[in-house]
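Close look at the chain arrangement
So the chains spell out like this:
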Amino acid sequence: MKTEPKSILYFLWNYYDPMIELFDLQAKEGYIKKEALLEVCNKHGHDIEVKLYDYKILKKVNNDYEFRTVFYSFLEFILNEFKPLLPETIEKYHYSISELFRKIRKGLAEEKFIQLQRIQDLIGETRDFSEGVENNTIKLLTATRELKANMEKIDYREKIHRASEWIEYYILPMNKILDIHHQQSIANKLYEVANFANEKRLIGDDEQTRQQFEKLYYFLLQTNDNLLKQSKILTNELLPLIERIRTESIILSGCIEFLKDPRDAEPPTLLKSTRDMVYSRHMMLNAKEFWEQFEVAEKVFIEVPGAREPAWLFDRIAYREKLEARLPIEDFFGWCTENLEDGNKIVESEKLFSLTTLLFDEDLQLEFPDKNNPLRVRTENMVYRVPKIKVDKYGIL
Amino acid sequence: MEYSKYHKRIVQSLLDGKFLLRNEPEFLELREKELYYVEFFKASFDYELKIASDYAYLISGETNEMLSRDICIFFSLLCYELDRDGKNFVDELNYAEFEMEALENYFAHSAYIDLIHANKQLKDKDARRNFVNMLNRRNIIEKRSEERFSFTPAYKVFIDFARDLAKKRMEQPQPVE
C-alpha cells in the first residue's frame, strides 16, 4: 500500500459510524449492494467512497462490494459480533491439520524448507482453529445470557426451541470436538501431533527443524490449555445455563398450559386424609335413646293456681232437720233459696238439686196449690221455673 | 418385632397427608428402611409410598383431586407471577423466603384474576391465608412466622407435574387454527 498505516487507522476512527453501517449490511446479506453503499456515502460525505478503495478496505465483487477479509475480521473482532460457527465448519480444521501432520510425518526426508513451511502452516491452522473455538464459545455465552434475561421478550416455546437447538447443534458437537479422549476429535489429533513434535524437537539432525518442532510443541501445549478452558466453559457454564433455560421454559409452559383449563389435566395424586373415629357419628343420640328406656317417670301433680274452696257436701240429715223445724212450708223453693243463697244472692244448681231430693222422703206430704203460676229460681247459669210446693208432714201430728 | 422410635410419627404424618422432609430424622429412618415401609403401606392400606431424594409422601387410589388441583393452580400462578416479575422462579422456590404481603400483591393484581375469583380456596385474602395454613400443615411450606414462609422440597412434585404436562402437550399435534 502506498498510504501511511496511520492514515488508515485514522480513517477508521473518523468514519466509524459509516464503517459499522456497512459492516452490518454485509453481516446481514453477505455483501454490500451498490445502492446501499451509495446511500451510506451520501449520508456521510462523498469522499469516503474514494478512500474506501484507496485503503483497500472494500473490494468489488461483480456489481456489488464486500469488505476485505482482514478488515471484516478486524471489525468483527472488535465488535464481538461473531456468528457461532456450526461445529461442522470447525470440523474442516480436522482435515487440514491431519493432512499437514501426515505430510510432515511422511516427508521427514524431504526438502527442509517444505517441512518448515508445513510446520508453519500447521501452527497457523491450529491457531485459526483455536480462535474459532474461542469465538464460538464467547458468542454462545452472550446469546445464552441474553436469552436468559429475555431481552427480546421471546415466547416460552421459542425459548425452549432455541435452547434445544443450541444444545443439539452447537454444544454437544463442540464437546465432541474438544474431547481429547474421543478418537475422532481434533483435540485428540493435536495431542498426537504434540507427542510427535515433542519427540522431534529432541532428536533429529537439523537444528532449524528441531527449533521449529520445539515452537510447534510449545504452541500446541498452550493451545491445549486454551481448549481445555473452552471445554470447561461449555460443560460447566454454558450447558447447565441452557439446560436451565430449557427446563424453566418448559415448566413455565406447563404452568401456562395448565392455567388455560385447570380441569383438563390430571393433577398429581395426593392422599385424602381421613379421620378414623372409633365411634360413630350417631353415638350421642343413640346413647341417649338407650338410657331413656330406664327412666322412671315421676308423677307430677300440677296445682291450679287460686285458692280452692272446700267442696260442698250435702249434709242430708242437717237439712232434713232444718226442713222439719220449719214445717209446714208454704213455698219449698223459696225455703231452698233462703238456705242456699250466698252473699251474691246466687243459688248453685247442684245445691238446689241436692235439696230437692228431700222432697222424696216418704213422710212428707206435698201439695201443688197453683200449677199455672210457676215461680222463678235463679241459679248461677239458669233461671228455673218451678211450681209452688207446699210441704207438710204426712199424717196428722 | 422391634419398631424404631420414629415409627409412629412416620406413619401418622404420612397418613395425615404430610410430606416428610430430608432434614427430619423420620425421613432418614424412612430411607434406611425403604423396602420395609413401601411394603408396609401397600399391605396395610394399599397406599403407594413415594420416596425422592429430599421428600416422601403417600398416594392412594382415592385421591384428593380437588385439593391437588388447587395446589397446582396455586403453584402455576405463583411461578407465572414470579417470572413476570423478572425473578428466577426455580431459585425462588428453592431458596427464597416469601412474605404474605408480597404473595397477596401477586394474586390481587394477577392477569388470571378471574380464575382466582372462581376458586373457592384462593378467591380472597382470608381464603388464601387458610390455604397457606393448609400447605403448612402438610409440610409443603414451612412457616417462619405469621407473615413469612419458605417452600419445602415438596414443591418439586407440582413443578414436575407442570413440566410433564408441557412435554405431553408439545408432543401432541397442534390444532390447525
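In what follows, the structure referred to is the one given above.
What comes next concerns the included structure. (Residues numbered from 1 in each chain as written. Chains lettered and ligands numbered in written order. Predicted model: local features only at pLDDT ≥ 70, side-chain atom pairs only at ≥ 80, totals over all residues. Heavy atoms only, no water.)

Description of the overall build of chain A
Along its length, chain A carries 14 helices and six strands. Within chain A, the proportion of its 397 residues that are buried is 37%. A separation threshold of at least 6 residues defines the contact pool for chain A, and within that pool the share at least 24 residues apart is 66%. Here chain A displays about 26,600 Å² of accessible surface, and carbon together with sulfur accounts for 52% of that area. (Helix = DSSP H or I, 4+ residues; strand = E, 2+ residues; numbered from the N terminus. Buried < 20%, exposed > 50% of the residue type's maximum accessible area, 1.4 Å probe, protein only. Contact = heavy atoms within 4.5 Å. Areas by Shrake-Rupley, 256 points an atom, 1.4 Å probe, with all protein chains shown as cover.)

Notes on the pairing of strand S3 (residues 55-59) of chain B
In the case of a regular strand, side chains alternate between the two sheet surfaces. Residue and element names in this part refer to chain B. Where burial is concerned, most of S3 is hidden: five out of the five residues are buried. Judged by which residues are buried, S3 turns out to be covered on both faces: Tyr55, Tyr57 and Ile59 on one side and Ala56 and Leu58 on the other are all buried. As paired strands, strand S1 (residues 20-21) and S3 are joined by two bridges and run antiparallel to one another. Within the sheet, the bridge partner assigned to Leu20 lies in S3 and is Ala56. In the sheet, strand S2 (residues 48-51) pairs with S3 via four bridges, with the strands oriented antiparallel. Within S3, the residue paired with Glu48 across the bridge is Ile59. Here S2 folds back onto S3, and the loop between the two strands holds three residues. (Pairing = 2+ DSSP bridges.)

Some thoughts on the sheet that holds strand S6 (residues 148-151) of chain B
Residue and element names in this part refer to chain B. Across the sheet, which stays open at both edges, the three strands sit in the order S4-S6-S5 with antiparallel pairing between neighbours. Both outer strands of the open sheet, strand S4 (97-99) and strand S5 (141-143), are each paired with one neighbouring strand and no more. The sheet shows a mean angle of 35° between the axes of neighbouring strands, direction not considered. Two strands pair when backbone bridges link them, and S4 and S6 are joined in this way by three bridges, in the antiparallel orientation. (Axes fitted to C-alpha atoms, helices over the stretch in contact; angles between N-to-C directions.)

Points about the sheet that holds S1(B)
One open sheet holds the three strands; their spatial order is S1-S3-S2 (chain B), and the pairing between them is antiparallel. Looking at the sheet topology across the chains shown, the edges are occupied by S1 and S2 of chain B.

Focus on the packing of aromatic side chains
Within this structure, the stated rule accounts for 37 aromatic pairs over all chains. Through a chain of ring-to-ring contacts, the aromatic side chains of B:Phe74, B:Phe75, B:Phe98, B:Phe107, B:Phe131, B:Phe149, B:Phe151 and B:Phe158 assemble into a single cluster. (Phe/Tyr/Trp six-rings, centres within 6.5 Å; stacked < 30°, edge-to-face > 60°.)

A look at helix H9 (residues 155-171) of chain B
Taking 1.5 Å per residue as the helical rise, H9(B) with its 17 residues ought to reach 24 Å, and the 25 Å between its terminal C-alpha atoms agrees with that figure. Within H9(B), burial applies to B:Tyr155, B:Val157, B:Phe158, B:Ile159, B:Phe161, B:Ala162, B:Leu165, B:Ala166 and B:Arg169. (Expected span 1.5 Å × (residues − 1).)

Here we look at a nonpolar patch on the surface
A surface patch of nonpolar side chains, about 510 Å² in accessible area, is lined by A:Met277, A:Val278, A:Tyr279 and A:Met283. Residue position: A:Tyr279 is located in the loop between helix H10 (207-260) and helix H11 (283-292). (Patch = residues over 30% accessible without salt bridge, like charges linked within 9 Å, V, L, I, M, F, W, Y side chains within 5 Å. Salt bridge = Lys/Arg side-chain N within 4 Å of Asp/Glu carboxyl O.)

Points about the nonpolar core
With 52 residues, the main nonpolar core has B:Phe19, B:Ile71, B:Phe74, B:Phe75 and B:Phe151 as its most contacted residues. Of all the secondary structure elements, the ones that give two or more residues to this core are H10 of chain A together with S3, helix H4 (65-84), helix H5 (89-95), helix H6 (100-108), helix H8 (125-137), S6 and H9 of chain B. (Core = buried A, V, L, I, M, F, W, Y, C linked by side-chain atoms within 4.5 Å.)

Side note on the packing of helix H13 (residues 332-340) of chain A against helix H14 (residues 349-356) of chain A
To characterise two packed helices, one gives the angle between the axes of the helices and the distance between these axes. Residues and elements named next belong to chain A. It is at 10 Å that the axes of H13 and H14 come closest, and there the two elements cross at 130°. Comparing the axis directions of H13 and H14 gives the class oblique. Judged by the sense of rotation from one axis to the other, the crossing of H13 with H14 is right-handed. Where H13 approaches H14, its residues Phe332, Phe333, Trp335, Cys336 and Leu340 are matched on the opposing element by Lys351, Leu352, Leu355 and Thr356. Residues of the contact of H13 with H14, tallied by class, amount to seven nonpolar, one polar and one charged. (Parallel < 35°, antiparallel > 145°, perpendicular 65-115°, else oblique. Left-handed = near helix turned anticlockwise from the far one by under 90°. Nonpolar A, V, L, I, M, F, W, Y, C, P; charged D, E, K, R; others polar.)

Overview of the side chain of A:Arg118
In this structure, A:Arg118 sits in helix H7 (residues 112-149). With a relative accessible area of 15%, A:Arg118 lands in the buried category.

Quick notes on the packing of helix H12 (residues 316-326) of chain A against H13(A)
All names here are of chain A. Interaxial distance between H12 and H13 falls to 12 Å at its minimum, and their mutual angle equals 125°. It follows that H12 is oblique to H13 by the angle criterion. For the pair H12 and H13, the sense of crossing is right-handed. When H12 is examined against H13, the residues Tyr319, Lys322, Leu323 and Arg326 are found in contact with a partner set consisting of Phe332, Trp335, Glu338, Asn339 and Leu340.

Topic: the pattern of salt bridges
All names here are of chain A. Going through the model one piece at a time under the given rule, you end up with 38 salt bridges over all chains. Ionic pairing is found between Lys189 and Glu192, a salt bridge with its closest N-O pair at 3.7 Å. In this pair, Lys189 and Glu192 are both assigned in helix H9 (residues 186-202), three residues apart and thus about one turn of the helix distant. The buried category is assigned to Lys189, whose relative accessible area is 18%. On the basis of relative accessibility, which here comes to 29%, the residue Glu192 falls in the partly exposed class.

As far as function goes, none of this settles anything; it's purely spatial.
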